[in-house]
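One-letter residues, chain by chain:
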Amino acid sequence: MRSNVTDYSLIAPATLTAALQTLASDPTLTPIAGGTELMVALSAGRLPQKRLLSINHLKELRFISVTPETITLGSGTTFTDIRGHAGIASDFPLLAQAASWTGSIANQNRGTLGGNIVNASPAADSPPALLAYDADLTLISAAGTRTMPYRPFHLGYKKTALAPGELLHSITIPRKFAAYRAYTRKVGTRNAQAISKVALACLALVTDGPDNPGIRQIQDIRIGAASLREFPTRCTATEQAILNHPILRETLPATIAAARAALATEARPIDDIRSTARYRAAVAGNLLEEFLHSLQGAS
Amino acid sequence: MSAITLTVNGQRTTVNAAPMKRLLDVLREDLHLTGAKEGCGEGECGSCSVLMDGGDGQAELVNSCLIPILQAEGTCITTIEGLEHGHNLDPIQQCFLEKGGAQCGICTPGMILATHHLLDKYPQPTLAQIQEGLAGNLCRCTGYMRIFDAVQQAATKSG
């Protein structure tokens, strides 16, 4: 049943400072940016938060800044902003790709990177890429700012490290992955704007091993996953299982088997409206195999 | 209730509404502009699509069912009613008519505004760009082929 909108309040302080002060005086307010999540719940009559704080108009949260070492995206950066940024397309193809398959064009025009993270859906599109790229988060409140790695930000299903009165300010990614192979694939019901059943975003540095000149091996590997756990996850056991493995046609089947076995130990997919645990586990293994096969080509 | 001022189809207007009232409902109920339709009410079908310019001169395609009216304060909105020029149809509307791109009509206003947004970005879009640009607008009648034909004809006419 439709919500009665007169039961809801919404305020929009003019500046970030004013918004943080408002949030400090009442930390129970729920921030709303592009509305592509909360307004869906409102229309369906299932938005429990009745008092909201609009942050969509805050220009202080909508920026992309590039230094030689890092790129920083304000939490209010839309997926359209990300898709239109040449530096992201060249340095962070996993993020550019994730932005391009986050909802439709209309939703990309409104949906924000910060909202995608803070909403904390296990199926969210951008987190696997941000996990693979070792993103840091800057959180801001009236009391100041703090920076933390993105990986420990998710604490449980829809639970995050965001403290009362805090907003996600920005996301910073180091520009150190130019030499890495990038692989990402999202499996959903259809190509356009479906929510993922399972998705992987992977990076691997494949170079000659120090002990075996002429034999390429996995020097570094990062695997971010959606819909395999109760929150977006780095598959560290899988990474560890195949780190330093050579990339040779003869040994690849053993590497794939080791990766699949490790993934099975750390993936905890569930049955839900979009898919089954069994399907998710099988497809995640297949994506992992596809990624490892892709490392065979010329570097 | 809040007094919210916005520009709709070139006309500045002030509405008194609950701040979380959806832009779609303000357009239809307060301003009696019933071109934008409610299909799914969750941003999937695109039948409520309108163009929204937040002040930077860029008219963005948005789902009006997902926008609280307070977030439309000071914006310029274009609905399907604002697209015609006097009593003449916009070339995109004319092409949808000529190519049979509209059947039951529920998706049509959104399709046409999505096409408008697409042709702003890509005046001569490829078929893949058309398909992506309209992927957020569902049509259960046409099978889409006639819609793609209409968009291609509109691109040719304006190009």
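Residues numbered from 1 in each chain as written. Chains lettered and ligands numbered in written order. Predicted model: local features only at pLDDT ≥ 70, side-chain atom pairs only at ≥ 80, totals over all residues.

Engineer: What's the story with the overall build of chain A in this structure? I'm lost.
Structural biologist: Looking only at helices and strands, one finds eleven helices and 14 strands in chain A. Taken over C-alpha atoms, the radius of gyration comes to 20 Å for chain A, in line with the 19 Å a tight globule of 299 residues would show. Pairs at least 24 residues apart make up 64% of the contacts formed inside chain A by residues separated by at least 6 positions. (Helix = DSSP H or I, 4+ residues; strand = E, 2+ residues; numbered from the N terminus. Rg over C-alpha atoms; globule rule 2.2 N^0.38 Å. Contact = placed C-beta atoms within 7 Å.)

Engineer: I would appreciate a short explanation of the environment of leucine 118 of chain B in the present structure.
Structural biologist: Residue and element names in this part refer to chain B. Among the secondary structure elements, leucine 118 is positioned in helix H3 (residues 108-121). For the pair leucine 118 and leucine 61, spaced 57 residues apart in the sequence, the C-alpha separation amounts to 9.0 Å. When sequence neighbours within four positions are dropped, the list of residues in contact with leucine 118 reads Pro125, Gln129, Ile130 and Gly133.

Engineer: Would you explain the sheet that holds strand E14 (residues 233-234) of chain A in this entry?
Structural biologist: Residue and element names in this part refer to chain A. In space, the four strands of this open sheet follow the order E11-E12-E13-E14, with antiparallel pairing throughout. One side of each edge strand has no neighbouring strand; the edge strands of this open sheet are strand E11 (181-187) and E14. Helix-sheet contacts for helix H5 (residues 93-100) involve E11 and strand E12 (198-208), and the interaxial angle to E11 is about 20°. Most of the contacts of helix H11 (residues 277-294) go to E12, to which it runs at about 25°, and overall it touches E11, E12 and strand E13 (216-226). (Pairing = 2+ DSSP bridges. Axes fitted to C-alpha atoms, helices over the stretch in contact; angles between N-to-C directions.)

Engineer: Help me understand the nonpolar core in this model?
Structural biologist: Where a protein is soluble and globular, its nonpolar side chains tend to be buried together. Residues and elements named next belong to chain A. Membership of the largest hydrophobic core comes to 131 residues, with the highest contact counts inside it found for Leu94, Leu95, Ala132, Tyr133, Leu200, Cys202 and Ala284. Per-element tally for this core: the top contributor is E12, with eight residues. Ignoring any residue separated from it by four or fewer positions in sequence, one finds alanine 132 in contact with Leu94, Ala201, Cys202, Leu203, Arg222, Ile223 and Gly224. (Core = buried A, V, L, I, M, F, W, Y, C linked by C-beta atoms within 7 Å. Buried ≥ 20, exposed ≤ 12 C-beta atoms within 10 Å, placed from the backbone.)

Engineer: How should I be thinking about helix H10 (residues 252-266) of chain A in this particular structure?
Structural biologist: In an α-helix, one full turn covers 3.6 residues, which means residues spaced three or four apart are oriented alike. Residue and element names in this part refer to chain A. Relative to the 21 Å expected for 15 residues at 1.5 Å per residue, H10 spans 21 Å between its end C-alpha atoms, a close match to the ideal helical length. Of all the residues in H10, the buried ones are Thr255, Ala259, Ala262 and Leu263. For H10, the angular spread of the buried residues around the axis is 105°, confining them to a single face. In H10, the exposed positions angled more than 90 degrees off the buried face are occupied by Pro253 and Thr265. The inward-facing, buried residues of H10 contact helix H9 (236-242) and H11. (Expected span 1.5 Å × (residues − 1). Arc of directions from axis to C-beta.)

Engineer: What am I meant to see in the packing of helix H2 (residues 91-99) of chain B against helix H5 (residues 145-158) of chain B here?
Structural biologist: Helix-helix packing: each pair is described by the crossing angle between the helix axes and the interaxial distance. All names here are of chain B. For the pair H2 and H5, the least separation of the axes is 8 Å and the interaxial angle reads 135°. Taken together, the axis directions place H2 and H5 in an arrangement best described as oblique. Every pair of crossing elements has a handedness; the one defined by H2 and H5 is right-handed. Here Pro91, Ile92, Cys95, Phe96 and Lys99 of H2 come into contact with H5, specifically with Arg146, Asp149, Ala150, Gln153, Ala154, Lys157 and Ser158. When grouped by side-chain class, the residues that make up the contact of H2 with H5 number six nonpolar, two polar and four charged. (Parallel < 35°, antiparallel > 145°, perpendicular 65-115°, else oblique. Left-handed = near helix turned anticlockwise from the far one by under 90°. Nonpolar A, V, L, I, M, F, W, Y, C, P; charged D, E, K, R; others polar.)

Engineer: What am I meant to see in the environment of alanine 129 of chain A here?
Structural biologist: All names here are of chain A. By the secondary structure assignment, alanine 129 is in helix H8 (residues 127-132). Judged by the 28 C-beta atoms lying within 10 Å of it, alanine 129 is buried. As for alanine 129 and proline 93, which are separated by 36 residues in sequence, their C-alpha atoms are 8.9 Å apart. Those residues within four positions of alanine 129 in sequence are excluded, and the remaining contacts are Leu94, Leu95, Ala98, Thr184, Ala201 and Gly224.

Engineer: Looking at this structure, how should I read the sheet that holds strand E2 (residues 30-32) of chain A?
Structural biologist: Sheet strands associate in pairs through backbone hydrogen bonding, adopting either a parallel or an antiparallel arrangement. Residue and element names in this part refer to chain A. Reading across the sheet, the three strands line up as E1-E3-E2 and stay open at both edges, with parallel pairing between neighbours. Since the sheet does not close on itself, it has two edges, and those belong to strand E1 (9-11) and E2, each with one partner. Strand-to-strand twist in this sheet, taken as the mean axis angle between neighbours without regard to direction, amounts to 35°. Note: E1 against strand E3 (residues 51-54), three bridges, orientation parallel. Within the sheet, the bridge partner assigned to isoleucine 11 lies in E3 and is leucine 53.

Engineer: Sorry, what's going on with the interface of chain A and chain B here?
Structural biologist: Accessible area lost on assembly of the parts is the figure often given for the size of an interface. Opposite the 24 residues of chain A that make contact, chain B presents 22 residues. At the level of elements, E1, helix H2 (38-43), E3 and helix H6 (105-110) of chain A are the ones that each hand at least two residues to the side of chain A that touches chain B. Top element by residues in the side of chain A that touches chain B is H6 of chain A. It accounts for five residues.

Engineer: I keep staring at the environment of alanine 123 of chain A and nothing clicks. Help me out?
Structural biologist: All names here are of chain A. Note on placement: alanine 123 falls in the loop between helix H7 (113-118) and H8. Alanine 123 sits in the buried class, given 20 other C-beta atoms within 10 Å. With 30 residues separating them in the primary sequence, alanine 123 and proline 93 have C-alpha atoms 19 Å apart. Dropping the residues within four chain positions of it, alanine 123 is found in contact with Ile195, Ser196, Ala226 and Ser227.

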